[in-house]
Amino acid sequence: MKHIVEAVAATTHDHHHFFHRKSLKATAPVRAESEEKTSNLWFKCPKCHELTYVKEHLDNFKVCQKCRHHQRLSARERIEFMLDENTFVEINSQMMAGDPLHFANEGEIYPDKIKQSQRKTGNKEALVTGYGTIEGQPIAIAVADFGFLGASMGSVFGEKLVRLIDLCLERRLPLVTISCSGGARMHEGMFSLMQMAKTTAALARLGKARIPHISILTDPCYGGVTASYAVVADVILAEPGAMVGFAGPRVIEQTTRQKLPAGFQTAEFLMEHGMVDRVTPRRELRQEVATLARLLDRAAAPVAKDNRPLFTITLPKKIANYQ
Amino acid sequence: MKHIVEAVAATTHDHHHFFHRKSLKATAPVRAESEEKTSNLWFKCPKCHELTYVKEHLDNFKVCQKCRHHQRLSARERIEFMLDENTFVEINSQMMAGDPLHFANEGEIYPDKIKQSQRKTGNKEALVTGYGTIEGQPIAIAVADFGFLGASMGSVFGEKLVRLIDLCLERRLPLVTISCSGGARMHEGMFSLMQMAKTTAALARLGKARIPHISILTDPCYGGVTASYAVVADVILAEPGAMVGFAGPRVIEQTTRQKLPAGFQTAEFLMEHGMVDRVTPRRELRQEVATLARLLDRAAAPVAKDNRPLFTITLPKKIANYQ
Amino acid sequence: MERLEELKKALPHRKHKHDTAPDEHLPPVEQSSETHEVWAKVQLARHPQRPHALDYIKRLSPDFVELHGDRRFADDGAMIGGIGEFEGRSVVLLGQQKGRDTKENIARNFGMPSPEGYRKALRLMEQADKFRLPVLTFIDTPGAYPGLESEERSVANAIAENLMALAQLKAPVIAVVIGEGGSGGALAIGLADRMLMLENSIYSVASPEASASILWHDAAKAPDAAASMRITAQHLHSFGIIDEVIPEPEGGAHTDMLATIDAVKAVILRNLEEIEAQIGDGSEDALEMLLASRYEKYRKIGQWVE
Amino acid sequence: MERLEELKKALPHRKHKHDTAPDEHLPPVEQSSETHEVWAKVQLARHPQRPHALDYIKRLSPDFVELHGDRRFADDGAMIGGIGEFEGRSVVLLGQQKGRDTKENIARNFGMPSPEGYRKALRLMEQADKFRLPVLTFIDTPGAYPGLESEERSVANAIAENLMALAQLKAPVIAVVIGEGGSGGALAIGLADRMLMLENSIYSVASPEASASILWHDAAKAPDAAASMRITAQHLHSFGIIDEVIPEPEGGAHTDMLATIDAVKAVILRNLEEIEAQIGDGSEDALEMLLASRYEKYRKIGQWVE
Ligand SMILES: [Zn+2]
Ligand SMILES: [Zn+2]
């Protein structure tokens, strides 16, 4: 179904001014998802097959104008879209996975898999962390990159998130997490499973300090991430159509022989079942997260009866040197 | 279906020695429920129509030996059965209802309805409160009497429970409530509804002092009582077959036209739906409540960081004079 | 009817005494004119064009962000909850929401919350406690939904747990009855430091219809029940059960929504500022005293003879 | 196989360093004998006659009172919870329970809890926190039940909230893997001050079968997956992920249930007494320090390079 290019441009254009001057830089590689790509000029939506100028598609933050399909974003794209320009300061960018299990799979060793993902995404690991502002509101942010081994949570993912939480505790910065994950980092075995406990225990400290955590669930989000930090938040937002769950649909069908209902595990399914606070279109996320952070950021630090801090947070010495 | 009396006596007899030496005194009037009564000698079970010697029936705490139907008990019978002999000390026995609404219904004024119930039950109000021991374990106890205006919760019901909670706070006594209720005391209007807030707010203080509350739900228990203190407890027990809910079955059928499932709102239904901790046969209640109270009674009073009590409980001056 | 209304208001506000016999008698119920007058209030309280919870919430907090779901089972359209800014401070806002038309009424179950609606409110009360955010609640419900599933997932447990959370919530709580205060289903967001009612709102232990069928087995006698059960703002104020009656425009709130909402807003703000002044720096000691006075408020409600 | 076992045990317990490259290489995986040995452990961990959670609970706490239901939706037979006395103090006991026969297995869903099972555990964890009661958990599950309803009522939310509750629970928490530690569904009652494992128990991020199908698209390769994923008590002890391996009778726990249970009882008691000694009078300060050290325990788990 071919649209007249001008019409597309026109409608997209209208949409354009609805957005603040931000838009994804054209340089950002448009291949976070393995969509069919007609050419560098055109983008073909994998869901409704609508054709859109790549430039327009980027202006609309990779959301299809016709069917609203929210294409996956890399961590860099997501940070660029969410944060005010030039305010993002990355921390712990150099941390890299160890290889505690000396994992090899069909002749390919884990360190090589890591190097492949690093080349592919430009990140050293699946989670990118740092701080900046959204609509002027200071926040700390952790963004998972599905391109990096399916954003699987391993030791580095966990430690970087926990160090970011240390920063939040030290500077009373609201925490924003933008999660997606294919599940555990099998290559790190039980080290990976334990990151669920580690990250959630860190959030417990954040909560006791009355610092807000806003979690955004993006497509796809399964396994350990969904069953730990990503759903223990003061507010949980989900992008329209995002697939979010604990066990994958295939496993459920095999185990239960049950026919899964339409829309199973979509963001809308979760909303209906009371599991997310809001399903928020991508272009409204900036404003909404900024508002929520501002509203929840006012709570004073808890003070004990004699005004001594209710509990002392032991922060690791190394907070100082971040880079 | 007529049993040979000896057989009945024999079976009942066997049962007898399973119980500790306690049994309901024969003098207790056997008419808590409007069952058909063949004569003073025999008791006919309203459910399975089994005939039992009244004496045997009392020995089995008014539980039908054949079908296990748990006949309703008056507050006096309940206290006599639950507490070690001669350990019960009643408090606030003289409190009587006011008449804030000057309520009259078809020529009959509220104070007269009160007098009728007082004659019928021997209590001044629907709730009997005091303290004593169960299997040696000291506890405070509040027992509702369905015979008194359907154990409806009015001002006195609420104030007596809250004063008992004051006693628990002062002496760190576990609280045992044995509830049944037909709902709100219409005659006191909003004063009655507000007792839900008053009693629950008092339980909040009990909880903060880490003093346990064990709630026993008995047949029938509906409305305000079920939606306030009776289900805010550390452990909720229910007698087999007890009908417990918020809205009555009739109201639900009228509103929803839905066919209600068999066993709807029975204790077993609640257990299946996760709402009660245990369904406990009457003759096991003493032992179970004593064990639970002992296990939960060990928590020390909460101490703040500087060992000052975590919060000061303001107790009304009048705790001293109870009678 | 107005004349009687003036007379009523002129009655001195009696601080009821709880431990002695009621010293003076309320005027006996003149069946007809009193009944007529009370029933007029009931109809105004239920007026289809009366402002609903969301109308207040959006005006008091333009940047209100609605938060959905109980994180256990489902989202309930009959209960609205979320956070927003109210006159410069962050607050949690809760309310039962009726529909404006049949379609919306079906979606919102006519403002009758299910267990998950109360548990959504519970979750937001816990958030208010965590961040020490004042809570404003707008009460307008015929009662908790009396359905099969409400019993399966225990609306009774949900109501009771809300009362516990509100009793321990370390921040100011202000509740306003804006229409129908339907029994326990209303009280579940109504244990507060300040209890306010609009002049033509009602708050009752059971609806007039239910009361009539209980008392006289004839729901048609609802007007008589409404009169004898003392469910008007004025009655409840005289009993000390509510703290303040908020005047409505002549003819009822629906005749001038904006004026009504702004009147409510002003009264809420005054009450909130009074409580905030008492709390001062919000130290734990100050908040413990807030809870103690909230407890005393309910401890005093009741009339008996010793 | 025993010889290799001895050799393994003789390896010095390495306190893993988290912020430098792993300094010495674990012996490479000799495919056959290691695989064979690990798979034998997996089969013992899953042995139908292996002692189950209730066997331990009833022996450690003869007066154990089982408490049912999550007070939200239902009671789940796959999760056992309650209170009882353990060597003179009141404790909360939790465990995933498998069935002994098909009938019981169906009733208990083969020890695979649903969301309401985890929420029953949550409720009892909150009670333990309220009364400062130590919590003993017995882990034995293939994993959380992967069903349609588990997603509807969000088992993910239930697991995460358990982890939060355990992280803040102001009383000692001791977890023991007595059979199968099935991924997040096991961890949901496994965030503890002391993490113990029976010698022939396993604890893995995914079951051997699931790992094999993920890694090689062939569940039949479960034995290879079990070996390479390092899921035995010995491996996890060497990684510092668990604190102590509890020896079993020769041939496995099922050969002498009582001996196994009493061995576990002794190790639990020792660990509990150690923690109680640290807590002393149980003042808030002491309990804050308990939580801080529990946090540090998990903060240290992970290997990376900077
Ligand atoms: Zn499209
Ligand atoms: Zn019978």
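Computed from a prediction, not measured in an experiment: that's the story for all the values here. (Residues numbered from 1 in each chain as written. Chains lettered and ligands numbered in written order. Predicted model: local features only at pLDDT ≥ 70, side-chain atom pairs only at ≥ 80, totals over all residues. Heavy atoms only, no water.)

(A) Region of the structure containing the packing of helix α5 (residues 155-171) of chain A against helix α6 (residues 189-208) of chain A. All names here are of chain A. The geometry of α5 relative to α6 is characterised by a closest axis approach of 9 Å and an angle of 10 degrees between their N-to-C directions. Relative to α6, α5 is oriented roughly parallel. Residues S155, G158, E159, L161, V162, I165, D166, C168 and L169 of α5 form the contact with α6, whose participating residues are F191, Q195, K198, T199, A202, L203, R205 and L206. Grouping the constituent residues of the contact of α5 with α6 by class yields nine nonpolar, four polar and four charged. (Axes fitted to C-alpha atoms, helices over the stretch in contact; angles between N-to-C directions. Helix = DSSP H or I, 4+ residues; strand = E, 2+ residues; numbered from the N terminus. Parallel < 35°, antiparallel > 145°, perpendicular 65-115°, else oblique. Contact = heavy atoms within 4.5 Å. Nonpolar A, V, L, I, M, F, W, Y, C, P; charged D, E, K, R; others polar.)

(B) Representation of the coordination of the zinc ion (ligand 2) in the model. Residue and element names in this part refer to chain B. Taken together, the protein donors to the zinc ion (ligand 2) comprise C45 (SG), C48 (SG), C64 (SG) and C67 (SG), at separations of 2.2 to 2.4 Å. Taken together, the four donor atoms surrounding the zinc ion (ligand 2) define angles of 103 to 115 degrees at the centre, an arrangement classified as tetrahedral. Here the donor residues of the zinc ion (ligand 2) are spaced in sequence according to C-x2-C-x15-C-x2-C. In this pair, C48 sits in the loop between β1 (42-44) and β2 (51-53) while C64 sits in the loop between α2 (54-59) and α3 (75-82), placing the two residues 16 residues apart along the sequence. Comparing C48 with C64 shows no difference in burial state: the two are buried. (Donors = N, O, S within 2.8 Å, 3.2 Å for Na, K, Ca; no water. Tetrahedral: all angles 85-135°; square planar, octahedral: opposite > 155°, others 65-115°. Buried < 20%, exposed > 50% of the residue type's maximum accessible area, 1.4 Å probe, protein only.)

(C) Layout of the packing of aromatic side chains. This structure, assessed with the given rule, holds 13 aromatic pairs over all chains. Where F264(A) meets F269(A), the ring centres are 5.2 Å apart and the plane angle is 70 degrees; that geometry is what we call edge-to-face. You'll find F264(A) and F269(A) in the same group, each marked buried. Note on F73(C) and F73(D): the rings are 5.8 Å apart at their centroids and 25 degrees apart in plane angle, and the pair reads as stacked. With F73(C) in the loop between β1 (65-66) and β2 (79-86) and F73(D) in the loop between β1 (65-66) and β2 (79-86), this pair bridges two chains. (Phe/Tyr/Trp six-rings, centres within 6.5 Å; stacked < 30°, edge-to-face > 60°.)

(D) Layout of the pattern of salt bridges. Going through the model one piece at a time under the given rule, you end up with 96 salt bridges over all chains. Its salt-bridge partner being D140(C), residue K98(C) comes within 3.0 Å of it at the nearest N-O pair. Of this pair, K98(C) sits in the loop between β3 (89-96) and α4 (102-107) while D140(C) sits in strand β4 (residues 135-141); the two residues are 42 residues apart in sequence, bridging distant segments of the chain. Comparing K98(C) with D140(C), the two get one shared label, buried. D55(D) is the salt-bridge partner of R100(D), the closest N and O atoms lying 3.0 Å from each other. Of the two residues, R100(D) is situated in the loop between β3 (89-96) and α4 (102-107) and D55(D) in helix α3 (residues 53-60); the sequence distance between them amounts to 45 residues. Take R100(D): its relative accessible area is 29%, and that puts it in the partly exposed class. Here D55(D) falls in the partly exposed class, since its relative accessible area comes to 27%. A single network of salt bridges, built from pairs that share partners, joins E159(A), R163(A), D166(A), K198(A), R205(A), R299(D) and E306(D). (Salt bridge = Lys/Arg side-chain N within 4 Å of Asp/Glu carboxyl O.)

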